[in-house]
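Single-letter residue listing:
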Amino acid sequence: MNETEWQVPRFETVELRAKRSDYCICIPVLNEDGRIKAQLERMRPFSEAVDIIMADGGSTDGSMDQDFLRSQNVRTLLTLREPGRQGTQLRMAFAYALAQGYEGILQVDGNNKDGVEAIPQFIDALRDGFEYVQGSRFIRGGEEINTPFIRHVAVRLLASPIISVGAGRWYTDVTNGFRGYSRNYLSHPGVQPFRDVFVKYELILYLTVRANQLGLTSKEIPVRRAYPSGKIPTKISFFSGNSNLLATIVKAALGFYNPRQKNAKR
C-alpha cells in the first residue's frame, strides 16, 4: 500500500510554528477541557526536543484554543472533519507526521494521566534503533497511582497475556497509550496502518502485536500513569465498551488486522 492508497480521514491542518525536531508526539484528544491544558503545560519543557501535534476529534469545549496552544509551543493542530474515534485520529496524525518527514513518532493520551517526563527516554530508544517502544507502569522504574482494581486486573491478567501471545513477546502494559514508533515501522509494507478498519482502539493494539511478528526491534520503558481520586475520566463504557475492547484484543492477537497480501508476512 503506497501513499496514494492510504485511507486517511478528512482533516483540517493549522500549523502554529515551524518544524524543529526529527521527532514529534501525537496527542489524540476530544473535549478533555482542563486536563489537556494542564498536560500541555507539563509538556512545554520538552517542546524543543519533540514537536507537539494535537490530533483533535472535534472538541467543542474550547480546549483547542489556538492562542493557548501557541503559548505551549504546540507545533500543529489537526482537526478531524468526519466521524471517527481514536484510531481515526491517529491515522490522521501519523499520516501528517510521515508526510512532514519525522523519523520517530511518539503517542500519548490527552487526559493528563501520563508521566510526560519520560519523553526523552522514548526519543533515546528510537534513536538507538528500536522500532516500537511501549511505556509500562508495571516494570521496574514504572509507577501506577490510583489504578482502578478492575482495570489493573484486566490489563495484567487478560489484555497483556493475550496480546503477548499474539506478538510472540511479553508485554506488561499493552493498553498504555504512551508509546513510540519509528518511521520505518509505520511505513513497513507488512504493517499498513492507514486502513479504515482502524477506528477505535484497534490500531494501538494491532501496532503492539505487529512489530515482533515482523522481526522488528521493540522494548518497554518505565513510565508513570496516575488516575485522579474519585470518578475516573474515561471514554470506555463499562459494559459495552469493555466487551468491545476485549473482542478487539482477541482479534489483534489472532492476526485479524494483519494485511492480506503477499508482501505482508504472517
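Residues numbered from 1 in each chain as written. Predicted model: local features only at pLDDT ≥ 70, side-chain atom pairs only at ≥ 80, totals over all residues. Heavy atoms only, no water.

Participant: I'm lost on the environment of Arg17 in this one. Help?
Facilitator: Mapped onto the elements of the fold, Arg17 is located in the loop between strand E1 (11–15) and strand E2 (23–29). With relative accessibility at 11%, the residue Arg17 sits in the buried group. Separated by 225 residues in sequence, Arg17 and Asn242 place their C-alpha atoms 39 Å apart. Contacts of Arg17, omitting those with residues within four sequence positions, involve Ser47, Glu48, Asp51, Asn73, Val74 and Arg75. In terms of polar contacts, Arg17 uses its side chain to reach the side chain of Asp51, at 3.2 Å. (Helix = DSSP H or I, 4+ residues; strand = E, 2+ residues; numbered from the N terminus. Buried < 20%, exposed > 50% of the residue type's maximum accessible area, 1.4 Å probe, protein only. Contact = heavy atoms within 4.5 Å. Polar contact = N/O pair within 3.5 Å; in protein donor to acceptor, adjacent residues only side chain to side chain.)

Participant: Looking at this structure, how should I read the nonpolar core?
Facilitator: For soluble globular proteins, nonpolar side chains are generally found buried alongside one another. Counting 41 residues, the largest nonpolar core has Phe94, Ile105, Tyr181, Tyr185 and Leu207 as its most contacted members. Among the elements that line this core, the one with the most residues is helix H3 (residues 86–99), at 8 residues. Setting aside residues no more than four positions away along its own chain, Tyr185 makes contact with Glu131, Tyr132, Val191, Tyr206, Leu207, Arg210, Ala211 and Leu216. Counting residues in hydrophobic clusters, the runner-up holds 31 residues, among them Ile27, Ile52, Val116 and Ile119. (Core = buried A, V, L, I, M, F, W, Y, C linked by side-chain atoms within 4.5 Å.)

Without other data, these values stay purely geometric and don't point to any function.
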